[in-house]
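Observations on the model geometry
The chain contents come next:
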Amino acid sequence: MKVDNSADLRRRIETLKREKRAVILAHYYTLPEVQEVADFLGDSLALSVKAQSVEADTILFAGVHFMAETAKVLCPDKRVLIPCPEAGCSLAESCDAEAFAAFRAQYPDHTVVSYVNTTVGVKALTDICCTSSNALEVVRSIPADRPVIFAPDRNLGSYIRKLTGRDNMVLWDGACHVHEEFSLEKILELKRENPGAKVVVHPECKAHVVAAADFVGSTAAILDFCGSSGAETFIVVTEPGILAEMRKRYPGKRFIPAPPIDSTCGCNDCRFMKMVTLERIAACLEQEGPEIVLDEEIRRRAERSIRNMIAVR
Ligand code: 13P
Ligand code: SF4
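What comes next concerns the included structure. Note that the structure is a prediction, hence the values are computed from the model and not measured.

A few points about the sheet that holds strand E5 (residues 111-115)
- Across the sheet, which stays open at both edges, the 4 strands sit in the order E6-E5-E7-E8 with parallel pairing between neighbours. If you trace the sheet from one side to the other, it starts and ends with strand E6 (128-130) and strand E8 (169-171), each paired once. Going from strand to strand, the sheet's axes swing by 25° on average, the running direction of each strand aside.
- Direction of pairing for strand E7 (residues 148-151) relative to E8: parallel, over a ladder of 3 bridges. By the bridge assignment for E8, phenylalanine 150 is matched with leucine 171.
- Helix H6 (residues 97-105) contacts E5, E7 and E8 of the sheet and is inclined by roughly 160° relative to E7.
- Taken strand by strand, helix H9 (residues 154-164) contacts E5, E7 and E8, and its axis lies near 165° from that of E8.

Some remarks on the site of ligand 2
- The local shell around ligand 2 holds 14 residues, among which Cys89, Asn117, Cys176, Glu204 and Cys270 are the closest.
- For the shell around ligand 2, a count of residues per class yields 9 nonpolar, 4 polar and 1 charged.

Re the side chain of glutamate 69
- Note that glutamate 69 resides in helix H4 (residues 65-74).
- Buried charge glutamate 69 goes without a salt bridge, the closest partner of opposite sign being lysine 123 at 5.2 Å.
- Leave out the neighbours within four places in its chain, and glutamate 69 touches Thr118, Thr119, Val120, Ile292 and Leu294.

Comments concerning the site of ligand 1
- Neighbouring ligand 1 are the residues His27, Tyr29, Asp43, Ser44, Tyr115, Asn117, Ser132, His179, His202, Glu204, Ser218 and Thr219.
- Serine 44 is positioned such that a nitrogen or oxygen atom in its backbone is 2.8 Å from an oxygen atom of ligand 1.
- Between ligand 1 and asparagine 117 there is a distance of 3.2 Å, counted from an oxygen atom to a side-chain nitrogen or oxygen.
- When isolated, ligand 1 has an accessible area of 300 Å², and the protein chains bury 96% of it.

Topic: the nonpolar core
- In this structure, Ile59, Met246 and Ile281 are the most contacted members of the largest nonpolar core, which totals 88 residues.
- If you tally residues by element for this core, the top one is H4, at 6 residues.
- With residues up to four places along the chain from it excluded, the contact list for isoleucine 281 reads Ile13, Ile24, Val34, Val37, Leu60, Ala62, Pro83 and Val276.
- Phe182, Leu184, Val209 and Ile235 belong to the second-largest nonpolar core, a separate cluster that totals 15 residues.

Conventions used here
- Residues numbered from 1 in each chain as written.
- Chains lettered and ligands numbered in written order.
- Predicted model: local features only at pLDDT ≥ 70, side-chain atom pairs only at ≥ 80, totals over all residues.
- Heavy atoms only, no water.
- Pairing = 2+ DSSP bridges.
- Helix = DSSP H or I, 4+ residues; strand = E, 2+ residues; numbered from the N terminus.
- Axes fitted to C-alpha atoms, helices over the stretch in contact; angles between N-to-C directions.
- Contact = heavy atoms within 4.5 Å.
- Near = heavy atom within 4 Å.
- Nonpolar A, V, L, I, M, F, W, Y, C, P; charged D, E, K, R; others polar.
- Buried < 20%, exposed > 50% of the residue type's maximum accessible area, 1.4 Å probe, protein only.
- Lys, Arg positive; Asp, Glu negative; His and termini not counted.
- Salt bridge = Lys/Arg side-chain N within 4 Å of Asp/Glu carboxyl O.
- Polar contact = N/O pair within 3.5 Å; in protein donor to acceptor, adjacent residues only side chain to side chain.
- Areas by Shrake-Rupley, 256 points an atom, 1.4 Å probe, with all protein chains shown as cover.
- Core = buried A, V, L, I, M, F, W, Y, C linked by side-chain atoms within 4.5 Å.

Geometry only, nothing functional implied.
Following this line, the structure appears as structure tokens:
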């Protein structure tokens with residue numbers, strides 16, 4: 001029989017946070033019980049901005065590796081702990097820094113825009129980062145006649161290219177395994193079964209899925225839309241971890257997770273985000289590690305591209 005020791009773990013984590021003067025930042029895609037022990041919950045942009053203003057000596061990042069790295073880039077004097085350093089991201093992994101440097105060298109007059117879902121090495125080769133919350137504003141901040149490299153997400157890149165009408169954007173060919181798995185047919189079937197439901201979609205999804213959306217946005221933008229929309233039912237086309245926060249914020253509304261192409265595979269769960277458990281968080285606080293450590297020269301170059309993004313916001 002499986003013993004539920006989550007109440008004990010939660011108490012232990014609260015005590016450790018006080019003892020170690022630590023705060024926990026968590027992404028909406030983490031497990032619901034992980035979201036509950038977070039001091040701050042947010043999307044990639046909000047978490048980057050928040051990391052800079054936390055007063056604690058230690059940040060524990062409940063999320064994937066690139067997110068903790070981003071916090072360390074912005075807060076080099078704080079200790080940034082990562083409970084699961086092996087929690088990568090299929091998008092970040094689709095863009096190796098060495099290969100990206102060679103790609104960039106082919107387009108020397110292009111401004112490089114990279115989604116934050118990249119390693120610190122790629123950020124160091126970037127002029128300005130973006131997240132799914134601000135990609136449009138970031139690209140619009142670049143003069144229209146200046147060509148752009150957009151990396152690593154081809155879906156977000158082509159969505160922004162369509163919105164801006166820029167034909168001078170070259171895309172890196174990367175993608176997120178989670179967001180590419182949604183089935184348009186099943187979304188349309190759900191819409192037929194739930195008349196009046198709004199389809200809300202993350203821009204990492206494929207273009208034909210994005211085209212079926214009533215609203216396209218980052219996790220934070222989707223959350224806000226569900227609050228301000230008069231609709232009562234939403235078909236949610238992003239990682240289902242976000243449903244915990246949706247149901248908490250809007251208990252009177254109904255949220256239906258969109259199914260993947262193969263309903264038996266559970267492949268719309270981000271397996272990396274789900275590696276972060278209460279056990280791993282408690283152990284990480286107790287041992288004060290693993291910790292993010294960065295090469296200072298690379299960190300400084302990456303910081304410039306993240307700060308350029310924050311200036312646009
Ligand atoms: P957000 O920018 O919405 O936080 O997205 C992060 C992410 O990893 C999406 O897959
Ligand atoms: Fe990376 Fe996709 Fe997971 Fe987001 S959902 S962290 S892009 S693998």
